[in-house]
Every structure is written in structure tokens, then in C-alpha cells.
Amino acid sequence: MQIGIMYETIVRDSLSETLDAVAGYGISCMQFGLRSVGLPDLPDQIETELCNHIREEFEAHSISMSAICGHFNMAHPDEGHRADGLRGLRTLASTCKKLGTSVITLCTGTRNADNMWRAHPDNGSPEAWKDMAATMRQAVQIAEEYHVTLAFEPEVSNVADSPRKARRLLDEMGSPCLKVVIDGANVFHTGELPRMREILDKAFELLSHDVAIAHGKDLDRDGEAGHLAAGKGLLDYDHYLSLLNNLEFDVPVILHGLTETEVPESLAFVREKMQNINS
């Protein structure tokens, strides 16, 4: 396992200064987002010069871009919104090689038209799944065209709100270009925390062969949980990291849901847990 950081956690006036700060914490990978350089996550176009600049800065700081954010609401009730997201995704996919990454992270979305990270009563409807799956199918076609990997995160507020539904989506799409972001803090529905180990074990049983990256944050309750820095909540990190450690590759664990002031403590916590697993 290698510890990374979400791009919005550490921010400076320039990309070079930001990456200086990231490297200063001993962090060697990042989940990046184009908002770091003044663009939306899914822009209409990305100049080649900017792509080269980003890639060169990452290389100069010996930081790998584990993934880049390409989130949009794939289950939005407005078809036009979903179509706009797909257009932006195509732009991003076409520039991944220049940027220095091959993984784009996605959100399966929600019927909540205002916030793609918020739950909605209709998320469990057949219509929501149908719209999301149709959008994902087009996204997968884009990924196959540009030889990139898409990674969506099962989380309780979205249409794919469980590891079981994530497995269903992977099987329906049937593409090696579709993988998952695993986040131990995002899979517990209301009342499920007492079964934490059982649910984590099942999640990895269903998804371990399709994990692209992992997230490292914490939770203060189940359901639509409030998110905390790793080590400050209820997640069983010993068990979560042991499951990640058993994956077949050196998975990047991206810290997020924290402020920069929390980074040193969170890093120390996760590093100690990793050392204990490997000792």
C-alpha cells in the first residue's frame, strides 16, 4: 500500500508549490483534479501545453497521479445534464495519457438534482438505475476508446449504494475498463455499524479483483455519515487496511475528508497501522 492525498486537501498558489508541500509530507501519490489549475473537473477542452506542464510538475516532484477526478451526476433526472457530463468525460479521457494517468474516478450519482453526493428517495427505483446504467455504458465506451480505466465508488448516498450493487453494475457493464474505488467509510447503511467486519469482508469478497484505488477517511456514524480524518472515527482501520494489504497490487490509499492541519496526525496513524500489518 502507498499513501496518497486528495488534491483539494493541500492547496498553494501554484501547482509547483502545492506539489512541494505534498512531497514535504512524504506523500508520493495523489488523486488529482483540474480545479487545481483553474479548470472544472470536466472542461470543454484542455490545452496540450497545460497537460504537459501538469505531467512535468508531477514527474519533477516524484509524485504519481494515481487517478484524476471526472465526477458528474450519472443519475441526474435531467438527461441533458448527463449528456454534458459525458462530453466532459470524453475530453478528460482524451488527455489522460498527456497528463500522466490512466484512471478517472466517477460517481454513480443520485436523483438529487442539486448535489450528486446527497441521497434521494428515488435512488433505489428501477428508473434511476436504468438512467445511471445507460450513462455508465456510454462512459465505458469512451474509456475503451481512449484506453483508460473508470473507477466508481459505491456509497450509501448514490444509486450504486452498496458493494452488492457495485458488483451488479460491474457485471452488467462487462468491461475491463470499469473498476471501483473502495472506501471503507462509505458502505454502511443506517444500523449496519455493529456488523462492520462482516460488511467489510463481504465488500472485498465481491470487489477485491476490481479495485483501482482506495480511499482513507473515517466516519462518525452509519448511514449518510459525517466524514472525518482517518483515525478520528469509528472505522476499524486495522481490519480495513489488512483487507487492502491482501489485494494483488500495491494499492494507493488516498486520504481525504480532512484539512491540511489534520494531515500529519492522519498520516502518522495510517503509517503506523500499515507498519503493524507488515511487521
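Residues numbered from 1 in each chain as written. Predicted model: local features only at pLDDT ≥ 70, side-chain atom pairs only at ≥ 80, totals over all residues. Heavy atoms only, no water.

Details of the overall build of the protein chain
To keep things clear, this is the line we draw: Going along the chain from the N terminus, every DSSP run of H or I of four or more residues is numbered as a helix, and every run of E of two or more is numbered as a strand. The globule rule used for comparison is 2.2 Å times the number of residues to the exponent 0.38, while the radius of gyration itself is calculated over C-alpha atoms. For every residue, the accessible area obtained with a 1.4 Å probe (protein chains only) is divided by the maximum for its type, and the residue is called buried under 20%, exposed over 50%, and partly exposed between those limits. Whether two residues are in contact is decided by their heavy atoms, any of which lying within 4.5 Å being enough. Method for areas: the Shrake-Rupley scheme with a 1.4 Å probe, in which residue coverage is limited to the protein chains shown.
Helix and strand content of the protein chain: eight helices and ten strands. Against the 2.2 N^0.38 benchmark of 19 Å for 279 residues, the protein chain shows a C-alpha radius of gyration of 18 Å, consistent with a compact globule. Projected onto the principal axes, the alpha-carbon positions of the protein chain cover approximately 50 × 45 × 35 Å. The burial tally for the protein chain puts 56% of its 279 residues in the buried class. Residue pairs at least 24 apart in sequence account for 77% of intrachain contacts in the protein chain once pairs closer than 6 positions are excluded. Total accessible area on the protein chain is roughly 12,100 Å²; 45% of this is exposed by carbon and sulfur atoms.

With respect to unusual backbone geometry
Positive phi outside glycine occurs at Ser62, with the angle close to 55°. Summarising the element assignment, Ser62 is placed in the loop between helix H2 (48-60) and strand S3 (64-69). Relative accessible area serves as the criterion here: at 59%, Ser62 is assigned to the exposed category. Notably, His147 is not glycine yet its phi reads approximately 60°, a positive angle.

Side note on helix H4 (residues 126-146)
Since the α-helix turns once every 3.6 residues, residues separated by three or four places project in the same direction. We count it as follows: A helix is expected to reach a length of 1.5 Å times the quantity of its residues less one.
The terminal C-alpha atoms of H4, which comprises 21 residues, lie 30 Å apart, in line with the 30 Å expected from a rise of 1.5 Å per residue. All of the buried residues in H4 are Ala128, Trp129, Met132, Ala133, Thr135, Met136, Ala139, Val140, Ile142 and Ala143. Where H4 is buried, its residues contact helix H3 (79-99), strand S4 (103-106), strand S5 (149-152), helix H5 (163-173) and strand S6 (178-183). Once H4 finishes, His147 follows within two positions and takes phi at roughly 60°, a positive value.

Things to note about the environment of Asp20
Operational definition: Counted as a polar contact is a pair of N or O atoms within 3.5 Å, where, for protein atoms, one must be capable of donating a hydrogen and the other of accepting one, and residues adjacent in sequence contribute only when both atoms are in side chains.
Here Asp20 shows up in helix H1 (residues 15-24). A relative accessible area of 44% means that Asp20 is categorised as partly exposed. Between the C-alpha atoms of Asp20 and Phe58, which are 38 residues apart in sequence, the distance is 9.8 Å. At a separation of 2.7 Å, a polar atom in the side chain of Asp20 contacts the side chain of His61.

Digging into the pairing of S4
As a reminder of what qualifies: By convention, orient the strands away from the viewer: a clockwise path from the first strand over the helix to the second makes the crossover right-handed. Pairs of strands are assigned from DSSP output, requiring at least two bridges between the strands.
Side-chain alternation along S4 places Val103 and Thr105 on one buried face and Ile104 and Leu106 on a second face that is also buried. This β-α-β element, S3 to H3 to S4, shows right-handed connectivity. Direction of pairing for S4 relative to S5: parallel, over a ladder of four bridges. Bridge pairing in S5 links Val103 to Thr149. Traced from S4 through H4 to S5, the parallel crossover comes out right-handed.

Considerations on the pairing of S6
With respect to burial, S6 is a largely interior element, five of its six residues being buried. With H5 bridging S5 and the parallel S6, this β-α-β connection has right-handed handedness. Relative to strand S7 (residues 211-216), S6 runs parallel, the two being bridged by four bridges. By the bridge assignment for S7, Asp183 is matched with His215. Handedness of the crossover is the feature at issue here: the chain leaves S6, passes through helix H6 (residues 196-207), returns alongside S7, and the resulting connection is right-handed.

Considerations on the nonpolar core
Worth spelling out the cut-off: By convention a nonpolar core is built from buried Ala, Val, Leu, Ile, Met, Phe, Trp, Tyr and Cys residues, the set being connected through side-chain atoms within 4.5 Å.
Core analysis: the largest hydrophobic core is formed by 94 residues, its most contacted members being Phe32, Leu89, Ile104, Met136, Phe152 and Leu244. For this core, the element with the most residues is H4, which contributes nine residues. Those residues in contact with Leu244 that lie beyond four places of it in its chain are Met1, Ile182, Phe204, Ala214, Val251 and Val253.

Points about the packing of H3 against H4
Worth spelling out the cut-off: Only the stretch in contact is used when a helix axis is fitted, and all axes are lines through C-alpha atoms; the angle between N-to-C directions ranges over 0 to 180 degrees. Reported orientations rely on four angle classes, namely roughly parallel under 35 degrees, roughly antiparallel over 145, roughly perpendicular from 65 to 115, and oblique for the rest. Should the near helix be turned anticlockwise from the far one by less than a right angle, the crossing is termed left-handed; should it be turned clockwise, right-handed.
Packing of H3 against H4 brings their axes to within 10 Å, and their N-to-C directions diverge by 20°. Our classification of the angle between H3 and H4 gives roughly parallel. For the crossing formed where H3 meets H4, the hand is right-handed. Contacts between H3 and H4 involve Arg82, Leu86, Leu89, Arg90, Ala93 and Ser94 on the former and, on the latter, Asp131, Thr135, Gln138, Ala139, Ile142, Glu145 and Tyr146.

A word on the sheet that holds strand S10 (residues 252-255)
Strand order in the closed barrel formed by eight strands is S1-S2-S3-S4-S5-S6-S7-S10, with parallel pairing between adjacent strands. When strand polarity is set aside, the average angle formed by the axes of neighbouring strands in this sheet is 30°. Two elements, S7 and S10, share three bridges in a ladder whose sense is parallel. Opposite His215, over in S10, you have Ile254 as the bridge partner. Sitting on the sheet, H4 is in contact with S4, S5 and S6, with an inclination near 145° to S5.

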